[in-house]
Amino acid sequence: MNTIALSKTSSYDRMMQLFGGMWFMLLALGVAINIGSSADKSWPSLLSSVCLATFYVLLALLIVTRSPATAQADGVLPRIAAFVGTYMPWTIAFFGKTDQALPNLASTACVLIGMIMMLVTIRHLGRSFSLVPQARNVVQTGPYRWIKHPLYLAEEIAVLGVVLRNPTSLTAVLLVLHIGVQVCRIYYEEDLLRRNCPEYCGYEASRWRLIPHVW
């Protein structure tokens, strides 16, 4: 990669870090404002909102602190899949939320599980967190000992938690669409790692993608 191309990639990466961090901080602020202005002060609803706001802040921090990539997926489609998969499902938070206790408690459980899984994964992943498929190194510790994409699994569980805050046919459709986009992101990422990290082929031969003994 020549100096000009490297400079363009670095500038693009910094711009995406800034945009991603601001987006999730905006979502966190929106949820926080809703907590203060909502007439519903039931503890399941408040707990669900606090967990979601915390999760958004965590995503913002992960995006702005990730390390530079050694290689990045070519073409427009991987970038489109990355942005749709990253930003689309979290807009569900703007759709409102249910006042019922059970969906809010289920939402809280899913967001907490997703957040804990993400923190454990990041503990082993380090700063190799990205939106667009990028190659940094092949992590084989922690949850990566059993599955290749624990971060995607953690994110999907958290997205399910957001959907449970507003369980409608529209949010269910968005969840299904998001799963499809995430599958595309997984294939793009695996292809990139195969081409840029020689050790990845040996690693992936003995690991499941998301759910052991299923896929």
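Residues numbered from 1 in each chain as written. Predicted model: local features only at pLDDT ≥ 70, side-chain atom pairs only at ≥ 80, totals over all residues. Heavy atoms only, no water.

Here we take up a nonpolar patch on the surface. A cluster of nonpolar side chains, namely V76, L77, I80 and V84, defines an oily patch on the protein surface of about 350 Å² accessible area. The topology assignment puts V84 in helix α3 (residues 77-87). A residue is classified by how much of its surface remains accessible, and V84, at 31% relative accessible area, is partly exposed. (Patch = residues over 30% accessible without salt bridge, like charges linked within 9 Å, V, L, I, M, F, W, Y side chains within 5 Å. Areas by Shrake-Rupley, 256 points an atom, 1.4 Å probe, with all protein chains shown as cover. Salt bridge = Lys/Arg side-chain N within 4 Å of Asp/Glu carboxyl O. Helix = DSSP H or I, 4+ residues; strand = E, 2+ residues; numbered from the N terminus. Buried < 20%, exposed > 50% of the residue type's maximum accessible area, 1.4 Å probe, protein only.)

With that out of the way, let us pick up the packing of aromatic side chains. Per the counting criterion, the structure on display carries three aromatic pairs. Measuring from centroid to centroid gives 6.3 Å for F24 and Y56, while their planes differ by 35°, and the two rings are tilted. Within this pair, whereas F24 is found in helix α1 (residues 3-37), its partner Y56 is found in helix α2 (residues 43-65), the two being separated by 32 residues in sequence. Across this residue pair, the class does not change: F24 and Y56 are buried. Considering the side-chain rings of Y187 and W215, the 6.2 Å spacing of their centres and the 80° angle between planes classify their relative orientation as edge-to-face. With Y187 in helix α6 (residues 169-196) and W215 in the segment after α7 (200-204), this residue pair connects regions lying 28 residues apart in the sequence. (Phe/Tyr/Trp six-rings, centres within 6.5 Å; stacked < 30°, edge-to-face > 60°.)

With that settled, consider the confidence of the model for the protein chain. Considering every residue of the protein chain, the mean pLDDT works out to 79; 83% of them sit at 70 or more. For the protein chain, the element scoring lowest by mean pLDDT is strand β2 (residues 134-135), at 55; helix α5 (residues 150-165) scores highest, at 90. Across residues 1-7, confidence stays below pLDDT 50; counting only partners more than four residues off in sequence or on other chains, it has two contacts. (pLDDT = per-residue confidence, 0-100. Contact = heavy atoms within 4.5 Å.)

Ranked by size, the top nonpolar core spans 40 residues in total, and within it F24, F55, Y56, W90 and M118 carry the most contacts. For this core, the secondary-structure elements that each account for two or more residues are α1, α2, α4 (101-125), α5, α6 and α7. For this core, the leading source of residues is α2, giving ten residues. Not counting the four nearest positions on each side in its chain, F24 is found in contact with Y56, L59, A60, I63, T86, Y87 and W90. (Core = buried A, V, L, I, M, F, W, Y, C linked by side-chain atoms within 4.5 Å.)

Packing of α2 against α5 brings their axes to within 11 Å, and their N-to-C directions diverge by 140°. Taken as axis vectors, α2 and α5 run oblique relative to one another. Where α2 crosses over α5, the handedness of that crossing is left-handed. Contact residues: S48, S49, L52 and F55 in α2; A158, V162 and R165 in α5. (Axes fitted to C-alpha atoms, helices over the stretch in contact; angles between N-to-C directions. Parallel < 35°, antiparallel > 145°, perpendicular 65-115°, else oblique. Left-handed = near helix turned anticlockwise from the far one by under 90°.)

Backbone phi values are negative for most residues with the exception of glycine, while trans is the configuration of most peptide bonds. Its identity as a non-glycine residue notwithstanding, H213 has a phi of 70°, on the positive side. Looking at the secondary structure, you find H213 in the segment after α7.

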